[in-house]
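Fold and geometry: a report
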Amino acid sequence: MRTASRLLATLSLSSLLFGPAAWAAGFECGGRPTADTPAGVKDITSLLPVSDPLDHPASLNAAVDRLRSQGLSKTLIIDNLIGAYCALLAKDTALTDAQKTARLRSFSLQATRAVYAIEVADRIILDVPLMPDVVDAVSARARAAGLTPQDWIAQAIAKALAAQP
């Protein structure tokens, strides 16, 4: 659970890094200090797609690998990825401010997941919205089985797939 709490803290941090301007009407990227930008970070932009990052997971993973190879902490990797992607979005005149904001939010989550998921390369995290009553039922069944909701869901899916012909 330590990773989960770090992930939530990083997600909260990434929400604050760009302030309300990036998340509200009138899309702007927050200022980023350039004096302490590591060498090689500037070319990260060339690895990031402006389109939906889910369409290009290899690009995001390559950017994470490059930043990790420079010795950056997970938080700095995420900060640099979000900053580079934000700069790309800001230049895209085909998108509205609301679309840019939605893409930046989505990318922030994907970047955070990519940074933490690369440690466990054999797993893929799916982001599936569930209705509150379904979440309550999953939580109750997981608790009864002595599992986390995530582990219970993974087991339930594995059992359902094994039962399929």
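A brief structural summary. Being a predicted model, the structure only gives us computed values, none of them experimental.

1. Description of the overall build of the protein
A count of helical and extended segments in the protein gives seven helices and zero strands. For the protein, the succession of helices and strands along the chain, N to C, is α-α-α-α-α-α-α. Here the protein, with 165 residues, has 28% of them falling under the buried criterion. Within the protein, residue pairs in contact and separated by at least 24 positions form 64% of the contacts whose partners lie at least 6 positions apart. Carbon and sulfur atoms make up 61% of the accessible area of the protein, which totals about 10,200 Å².

2. As for the packing of aromatic side chains
All chains considered together, the criterion is met by one aromatic pair. Note on tyrosine 85 and phenylalanine 107: the rings are 4.0 Å apart at their centroids and 15° apart in plane angle, and the pair reads as stacked. Highlighted residues: tyrosine 85 in helix H4 (residues 74–91) and phenylalanine 107 in helix H5 (residues 97–117), separated in sequence by 22 residues. Neither tyrosine 85 nor phenylalanine 107 differs from the other in exposure class; each is buried.

3. Focus on the packing of helix H3 (residues 57–69) against H4
Contact geometry of H3 with H4 gives a least axis separation of 10 Å together with a crossing angle of 130°. With respect to H4, the element H3 is oriented oblique. Of the two possible hands of crossing, H3 and H4 adopt the one that is right-handed. Residues Leu60, Ala63, Val64, Leu67 and Arg68 of H3 pack against Ile77, Asn80 and Leu81 of H4.

The rules behind these values
Residues numbered from 1 in each chain as written. Predicted model: local features only at pLDDT ≥ 70, side-chain atom pairs only at ≥ 80, totals over all residues. Heavy atoms only, no water. Helix = DSSP H or I, 4+ residues; strand = E, 2+ residues; numbered from the N terminus. Buried < 20%, exposed > 50% of the residue type's maximum accessible area, 1.4 Å probe, protein only. Contact = heavy atoms within 4.5 Å. Areas by Shrake-Rupley, 256 points an atom, 1.4 Å probe, with all protein chains shown as cover. Phe/Tyr/Trp six-rings, centres within 6.5 Å; stacked < 30°, edge-to-face > 60°. Axes fitted to C-alpha atoms, helices over the stretch in contact; angles between N-to-C directions. Parallel < 35°, antiparallel > 145°, perpendicular 65-115°, else oblique. Left-handed = near helix turned anticlockwise from the far one by under 90°.

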